[in-house]
Amino acid sequence: MSKPSPEVYEEDRGMDAHNSVMREIRGLKEKHYDPHEPTRVWLDEDNTPGGVYDSLTIILNTGGCRWARAGGCTMCGYVAESVEGGSVAHDALMDQIQVCLDHEADNVDEPAELIKIYTSGSFLDEREVGAETRQAIAETFSDRERIVVESLPDFVDHEKVTDFTDHGLAVDIAVGLETATDRVRHDCVNKYFDFADFEDACATAQDAGAGIKAYLLMKPPFLSEQEARDDMVDSVRRCAAVDGCHTVSMNPCNVQQYTMVNELFRAGGYRPPWLWSVADVLERTADVDAIVVSDPVGHGSDRGPHNCGECDDRVQKAIKDFDLRQDPSVFEQVSCDCERTWELVIEEETSYAMPLAR
């Protein structure tokens, strides 16, 4: 890809233009949310450097990502689920934590050893989750084995991380890197930081006794299927080569409300990635020195990563199996006639005439 000139970031161009469009789209939001209820909570199992754990995943309902309030990422609709007003009080956030603990107690016999906490932005941003709440959450889960918290690299700070490591918790910071390619991150995702900032966050986390889990985005808008596939292969390899980054989670893009991706999708200008592309990336990067996983949210639907409809569940099952076993041979057990269509899309689709197939 060619390197953009500095002028594309001027007023009404590049990132500023993206933000202007995103603010207009997000202004259509109508639903409002209870600050005492989490956005979501569920139980699952995850592969970590310490092995496979049963997990409790919590999405806290906060005041939202500060970057999203400026406009934000082209594919992210999570800010539309945030509480109005820009902040949520400590007591309300702890009420959300209690709701999640009650959900866990009602559904499993033993508490999960892995806790994963996300927000609509950055858990380590004190405008979203204040120091008092962060420390109280660390204390609440101090009897568990491992905790994952999400943050942009800006907010990865030694003192914030040691709030958790000082309790003896194994800590992973999940960073929404999206891609190792700065131009794709800036121009397709509309995210402001560089890969070098991610590397700095890895070093900070490692110095504080934590690890990094890099979140990548497969097929942001404006990329063909092949460009998206190749960008993910390169990004997984570059992330795995960074000291302190032990896990790479590749998230296929899905179409969320109040986003630029949704507007493109409705106009026929965007198709979520093929599940064959997800499997292909996992196969091609199975040799890296990191855990590589993927969770295709909304798989099989028009708005989520999908194939033809007939094989989607089988391929999704193989992806989940790979996540836990890290064995690429699982993909040899699934096949479908639509794989030939996907191969044609990979060969022929261009970013200026897509999608080639729905």
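Note that the structure is a prediction, hence the values are computed from the model and not measured. (Residues numbered from 1 in each chain as written. Predicted model: local features only at pLDDT ≥ 70, side-chain atom pairs only at ≥ 80, totals over all residues. Heavy atoms only, no water.)

> Would you mind showing me how to read the state of the cysteines here?
The term disulfide refers to a covalent linkage connecting the sulfur atoms of a pair of cysteines. Taken as a whole, this structure holds zero disulfides when the rule is applied. Not engaged in a disulfide, the cysteine Cys-202 finds its nearest cysteine sulfur in Cys-245; these two sulfurs lie 5.2 Å apart. For Cys-202, a relative accessible area of 1% puts it in the buried group. Note on Cys-239: no disulfide assigned, nearest cysteine sulfur contributed by Cys-245 at a separation of 5.2 Å. (Disulfide = S-S within 2.5 Å. Buried < 20%, exposed > 50% of the residue type's maximum accessible area, 1.4 Å probe, protein only.)

> Explanation requested: the environment of Val-236 in the structure shown.
On the secondary structure map, Val-236 appears in helix H8 (residues 225–240). Linking Val-236 and Ser-249, residues 13 residues apart in sequence, is a C-alpha distance of 8.7 Å. When neighbours within four sequence positions are excluded, Val-236 is seen to be in contact with Leu-216, Val-248, Val-281, Thr-285, Val-288 and Val-292. (Helix = DSSP H or I, 4+ residues; strand = E, 2+ residues; numbered from the N terminus. Contact = heavy atoms within 4.5 Å.)

> For this particular structure, what's the right way to read the pairing of strand S8 (residues 291–294)?
If a strand is regular, its side chains alternate between the two faces of the sheet. Burial along S8 is two-sided: Ile-291 and Val-293 facing one way and Val-292 and Ser-294 facing the other are all buried. Sheet topology note: the strand S7 (residues 245–252)/S8 ladder contains four bridges and is parallel. Looking at S8, one finds that Val-248 is bridged to Val-292. (Pairing = 2+ DSSP bridges.)

> Looking at this structure, I do not really get the side chain of Asn-262. What am I missing?
Topologically, Asn-262 is positioned in helix H9 (residues 260–266). Look at Asn-262 and you get buried, because its relative accessible area is 2%. With near-sequence residues (within four places) excluded, Asn-262 lies in contact with Val-255, Gln-256, Gln-257 and Arg-303.

> For this particular structure, what's the right way to read the sheet that holds strand S4 (residues 146–150)?
Strands pair in a sheet through their backbones, by hydrogen bonds, and they do so in one of two ways: parallel or antiparallel. Spatially, the eight strands line up as an open sheet ordered S1-S2-S3-S4-S5-S6-S7-S8, and their pairing is mixed. With partners counted over all chains shown, the strands left at the sheet margins are strand S1 (40–48) and S8, one partner each. Mean inter-strand twist for the sheet, computed between neighbouring axes without regard to direction, equals 25 degrees. By the bridge criterion, four bridges tie strand S3 (residues 114–118) to S4 in an arrangement that is parallel. Note on S4: the bridge partner recorded for Lys-116 is Val-148. Packed onto the sheet, helix H7 (residues 195–207) meets strand S5 (170–178), strand S6 (211–218) and S7 and runs at close to 155 degrees relative to S6. Sheet strands in contact with H8 are S5, S6, S7 and S8, and its direction is about 175 degrees off that of S6. (Axes fitted to C-alpha atoms, helices over the stretch in contact; angles between N-to-C directions.)

> Would you mind going over the nonpolar core with me for this structure?
Nonpolar side chains tend to gather and get buried jointly when the protein is soluble and globular. By size, the foremost hydrophobic cluster in this structure holds 73 residues, and its most contacted members are Ile-117, Ile-173 and Phe-198. With six residues, helix H10 (residues 275–284) is the largest single contributor of residues to this core. Filtering out sequence-adjacent residues up to four positions away, Ile-173 remains in contact with Leu-124, Val-149, Ser-151, Val-156, Val-161, Ala-205, Gly-211, Ile-212 and Lys-213. The next biggest cluster of nonpolar side chains, apart from the first, holds 13 residues, and it includes Cys-65, Met-75, Cys-76 and Tyr-270. (Core = buried A, V, L, I, M, F, W, Y, C linked by side-chain atoms within 4.5 Å.)

> Honestly, unusual backbone geometry in this entry has me stumped. Any pointers?
Phi is mostly negative for residues that are not glycine, and the peptide bonds are mostly trans. Of note in this structure, Phe-222 is not a glycine but carries a positive phi near 80 degrees. Structurally, Phe-222 is set in the loop between S6 and H8. Take Phe-222: its relative accessible area is 35%, and that puts it in the partly exposed class. Backbone geometry at Tyr-258 places phi at a positive 60 degrees, although glycine is not the residue there.

> Quick question: what am I supposed to make of the pairing of S7 here?
With respect to burial, S7 is a largely interior element, seven of its eight residues being buried. Looking at chain direction, S6 and S7 are connected through seven bridges and run parallel. Across the sheet, the residue bridging to Met-218 is Pro-252, located in S7.

> Teacher, can you tell me more about the side chain of Thr-133 here?
For Thr-133, the position within the fold is in helix H4 (residues 131–140). You can call Thr-133 buried: its relative accessible area is 3%. At a separation of 2.9 Å, a polar atom in the side chain of Thr-133 contacts the side chain of His-90. Residues in contact with Thr-133, not counting those within four places in the same chain, are His-90, Leu-93 and Met-94. (Polar contact = N/O pair within 3.5 Å; in protein donor to acceptor, adjacent residues only side chain to side chain.)

> What should I look at first to understand the packing of H8 against H10 in this one?
For any two helices packed against each other, one specifies the inter-axial angle together with the distance between the axes. Viewed as axis vectors pointing N to C, H8 and H10 meet at an angle of 30 degrees, and their least axial separation amounts to 10 Å. Comparing their axes, H10 and H8 come out roughly parallel. Crossing geometry of H8 relative to H10 is assigned as right-handed. Touching Glu-225, Arg-229, Met-232, Val-233, Val-236 and Arg-237 of H8 are Ser-277, Asp-280, Val-281 and Arg-284, all from H10. Partitioning the contact of H8 with H10 into residue classes produces four nonpolar, one polar and five charged. (Parallel < 35°, antiparallel > 145°, perpendicular 65-115°, else oblique. Left-handed = near helix turned anticlockwise from the far one by under 90°. Nonpolar A, V, L, I, M, F, W, Y, C, P; charged D, E, K, R; others polar.)

By themselves, these observations are geometric and do not establish any function.
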